[in-house]
Amino acid sequence: MSKNGILSKLRALMHNHAYVSQPLHAYIIPTGDAHQSEYVAECDNRRSYITGFTGSSGTAIVTTSEAALWTDGRYYLQAEQQLSNEWKLMKQGLPETPTESKWLNSVLPVGGRVGCDPRLMSIDKWKPLHKELQSFGHELVSVDENLVNLIWSDRPDEPHSELIILTEAETGKTWQQKVSQIREKMIEEKISALVVTALDEIAWLFNLRGADIIYNPVFFSFAILTLDSINLFINEKKLSKQVLQHLSDVQFHPYESVYQFLSKLAESEAVSKIWISGNSSYAIYNRIPKQKIHLASTPLALMKCVKTEAEMKGMEHAQVKDAVALCEFFVWLEKEVSKGSVTEVSAAKKAEFFRSQQENFISLSFDTISSIGPNGAIIHYKPSSKTDSTVTTDQIYLIDSGAQYREGTTDTTRTIHLGTPSKHEQECFTRVLKGHINLASAIFPPGIKGHMLDTLARQYLWEVGLDYRHGTGHGVGAFLNVHEGPCGISFRTPPTEANLEENMVLTDEPGYYEDGKFGIRIENCMKVIKAVTKHKFGGKDFLTFEPITLVPIQRKMIDASILTAKETEWLNNYHSKVRQVVGDELKRQNKTEVYQWLIKATETLG
């Protein structure tokens with residue numbers, strides 16, 4: 001069905017009294033699912049189905065005569081390429097771009113009705129949108145029957161992946177110990193029940209992993225904890241004998257029954273306060289009397305971000321295996337590129353192949369960004385049969401990739417030139433590298449949030465009037481989602497952003513992109529550790545970062561004259577560690593040719 005036909009069908013449903021009590025003047029299609037996931041299963045790709053835009057972030061709004069898509073700077077170019085002329089692209093972050101509410105208030109008729117599936121919009125988004133629309137006399141309406149589902153005739157079935165049970169040796173804590181810690185927090189806050197809707201929080205809590213969303217080791221479920229019961233809402237197909245044994249003392253319920261269960265729980269006089277996150281859906285919020293709601297990030301969110309000793313050990317081990325695979329990939333690429341047969345797609349597949357040969361490989365952690373020349377300027381570019389370009393020796397090649405190993409999650413970006421880079425390309429790369437080193441070297445007191453460090457990665461680009469349109473870093477899960485909140489490093493300031501703490505894992509990934517020419521990004525995962533300082537203000541340890549990604553940074557791309565002596569020392573120390581740690585693993589795996597390549601790639605600069 002053409003996109004034009006889809007929009008016509010949707011507009012017809014907006015006036016169909018079988019599904020809406022009164023006609024709708026606009027309908028909102030968010031990206032997320034009932035758990036507000038960043039990445040969604042195929043069956044939840046409603047916004048992509050309606051718009052044709054496949055990026056991970058965006059909101060579509062269809063009115064009786066217009067259709068508009070909001071997305072951020074990572075996806076401007078991609079959206080321009082994928083949207084038909086029926087759609088208006090709204091570039092979030094630009095001063096001339098109206099917010100969704102301002103745009104709606106400007107196009108709606110008097111007393112406009114805006115519909116949305118309340119399961120697909122978070123409380124934090126619904127409430128301010130409702131308020132802003134109401135101030136202009138409009139109404140935000142819950143539409144319990146999802147209108148996109150009604151016209152999506154070939155909508156994929158919901159996935160039912162097999163669950164993986166993690167051991168205490170892998171996680172550092174049993175799920176029972178985690179429940180006890182959470183209940184202590186509930187007692188402190190005088191909470192009767194905690195509702196957990198984020199899929200990574202549920203997977204982490206129960207020491208289980210799944211594969212319901214591609215590259216994200218999670219499974220569809222809800223959890224409600226009280227002081228004397230543990231309730232898991234999940235499709236019974238997932239409950240193998242081993243999982244049932246693992247989850248002793250857990251009460252199981254059908255997945256969709258969570259809303260009815262919550263309504264009944266909220267009616268109980270014995271229940272005083274119910275803890276829900278602002279990222280929970282408005283459908284969850286609407287089931288609880290307002291006086292009984294405790295609205296705050298769940299205690300799991302922060303607990304999950306601060307890795308246990310076992311989790312950190314696994315994360316570091318995963319990075320070493322991943323480095324071996326990437327070193328193999330670069331050896332292969334340097335050999336094959338001159339034949340003219342390597343493309344972005346074949347390179348991505350080869351990188352995945354090398355990773356798949358490593359022990360305990362589960363899957364990639366996201367779609368590989370394999371891009372040559374102008375495609376590298378598309379920040380979240382995904383090569384396809386339509387866009388697949390040959391990797392050449394006369395353009396910059398960028399690969400942003402990662403994997404899920406049973407031990408941990410990886411995310412690494414390297415930008416290389418397989419020929420001779422220009423002076424301009426070298427300068428841009430070196431300024432990105434200076435920012436990368438500046439952030440990695442930062443020493444900061446406790447209580448600092450990541451957004452307070454973001455400028456450290458940008459300052460050397462800013463010096464010459466350059467910048468990039470994405471955050472500088474994100475949290476990384478332990479065999480969980482590659483993008484993990486509530487910690488991060490960005491110019492944005494999320495209201496739930498957590499202070500940086502020892503044993504968090506974040507990325508350091510500044511970049512620079514010239515539309516139509518190239519893209520540059522250097523990305524390592526790094527852990528937060530205690531810093532060694534001369535003084536301890538307030539008697540507290542300061543913090544710093546330590547890279548755990550161990551992959552050579554191409555020296556050919558560096559203009560050494562722009563680096564300071566301290567920056568050169570950092571790079572040489574980093575490469576020395578790469579040579580030692582990854583070199584030992586290459587020797588253990590009997591990869592002699594790759595080891596020889598590594599020795600050359602990590603030679604001292606300067």
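Higher on the page you've got the structure.
Residues numbered from 1 in each chain as written. Predicted model: local features only at pLDDT ≥ 70, side-chain atom pairs only at ≥ 80, totals over all residues. Heavy atoms only, no water.

A. Spatial organisation of the environment of tryptophan 332. For tryptophan 332, the position within the fold is in helix H14 (residues 309-336). You can call tryptophan 332 buried: its relative accessible area is 17%. Separated by 152 residues in sequence, tryptophan 332 and serine 180 place their C-alpha atoms 50 Å apart. Leave out the neighbours within four places in its chain, and tryptophan 332 touches Val342, Ser346, Ala347, Lys350 and Phe354. (Helix = DSSP H or I, 4+ residues; strand = E, 2+ residues; numbered from the N terminus. Buried < 20%, exposed > 50% of the residue type's maximum accessible area, 1.4 Å probe, protein only. Contact = heavy atoms within 4.5 Å.)

B. A look at the sheet that holds strand E20 (residues 412-417). One open sheet holds the 3 strands; their spatial order is E16-E17-E20, and the pairing between them is antiparallel. The open sheet has two edge strands, strand E16 (369-372) and E20, and neither has a second partner. In this sheet, neighbouring strand axes are inclined to one another by 10 degrees on average, regardless of whether the strands run parallel or antiparallel. Where strand E17 (residues 396-401) and E20 come together, 6 bridges link them in antiparallel fashion. Within E20, the residue paired with aspartate 400 across the bridge is threonine 413. Here H14 sits on the sheet and contacts E17 and E20; the angle it forms with E20, its principal contact strand, is near 20 degrees. (Pairing = 2+ DSSP bridges. Axes fitted to C-alpha atoms, helices over the stretch in contact; angles between N-to-C directions.)

C. Local environment of unusual backbone geometry. Residues glycine 485 and proline 486 are joined by a peptide bond in cis, for which omega reads 5 degrees. Along the chain, proline 486 turns up in strand E23 (residues 484-489). With a phi angle near 75 degrees, tyrosine 215 is a residue other than glycine that sits in the positive phi range. Here tyrosine 215 lies in the loop between strand E9 (208-209) and strand E10 (222-226). Residue aspartate 249 is not a glycine yet carries a positive backbone phi of 75 degrees. With respect to the helices, strands and loops of the structure, aspartate 249 is situated in the loop between helix H10 (241-246) and strand E12 (251-253). Overall, aspartate 249 belongs to the exposed group, its relative accessible area being 66%.

D. Region of the structure containing the pattern of salt bridges. Counted under the stated rule, the structure contains 34 salt bridges. In this structure, the salt-bridge partner of arginine 521 is aspartate 400, at a minimum N-O distance of 2.8 Å. With a gap of 121 residues between them, arginine 521 in strand E26 (residues 518-521) and aspartate 400 in strand E17 connect regions that are remote in the sequence. Judged by relative accessible area, aspartate 400 falls into the buried class, the value being 6%. (Salt bridge = Lys/Arg side-chain N within 4 Å of Asp/Glu carboxyl O.)

E. Representation of helix H17 (residues 454-462). Residues of H17 that are buried include every one of Asp454, Ala457, Arg458, Tyr460 and Leu461, and no others. Viewed along the axis of H17, the buried residues span an arc of 160 degrees, placing them on a single side of the element. Tucked into the core, H17 has its buried residues touching helix H16 (423-440), E23, strand E25 (511-514) and helix H18 (565-588). (Arc of directions from axis to C-beta.)

F. How the structure looks around the sheet that holds strand E14 (residues 293-295). Spatially, E12-E11-E10-E8-E13-E14 is the arrangement adopted by the 6 strands of the open sheet, whose pairing is mixed. The sheet is open, and its two borders are formed by E12 and E14, each paired with just one other strand. Averaged over all adjacent pairs, the angle separating strand axes in this sheet is 20 degrees, with direction ignored. Set on the sheet, helix H8 (residues 175-188) makes contact with strand E8 (193-196), E10, strand E11 (230-233) and strand E13 (274-276); between it and E10 the angle comes to about 60 degrees. Running over the sheet, helix H11 (residues 258-267) touches E8, E10, E11, E12 and E13 and is turned about 20 degrees from E10.

G. Fine view of the environment of leucine 563. Inspection of the secondary structure puts leucine 563 in the loop between strand E28 (543-547) and H18. Accessibility expressed as a relative area gives 10% for leucine 563, which makes it buried.

H. Representation of the nonpolar core within the structure. Of all hydrophobic cores here, the largest spans 73 residues; its most connected members are Phe329, Leu333, Tyr397, Phe444, Phe545 and Val582. For this core, the element with the highest residue contribution is H14, accounting for 11 residues. Sequence-distant contacts of phenylalanine 545, defined by excluding residues within four places in its chain, comprise Leu439, Ala440, Ala442, Phe444, Leu453, Ile489, Leu500, Leu506, Met526, Lys527, Val528 and Ile529. In this structure, Val218, Phe219, Leu225 and Ala266 belong to the second largest nonpolar core, which totals 72 residues. (Core = buried A, V, L, I, M, F, W, Y, C linked by side-chain atoms within 4.5 Å.)

I. Broad picture of the packing of H16 against H17. One way to put it is that H16 packs onto H17 with a least axis distance of 7 Å and a crossing angle of 155 degrees. Compared by their axis directions, H16 and H17 come out roughly antiparallel. Of the two possible hands of crossing, H16 and H17 adopt the one that is right-handed. Contacts between H16 and H17 involve Arg431, Val432, Lys434, Gly435, Asn438 and Leu439 on the former and, on the latter, Leu456, Ala457, Gln459, Tyr460 and Leu461. Residue composition of the contact of H16 with H17, by class: 6 nonpolar, 3 polar and 2 charged. (Parallel < 35°, antiparallel > 145°, perpendicular 65-115°, else oblique. Left-handed = near helix turned anticlockwise from the far one by under 90°. Nonpolar A, V, L, I, M, F, W, Y, C, P; charged D, E, K, R; others polar.)

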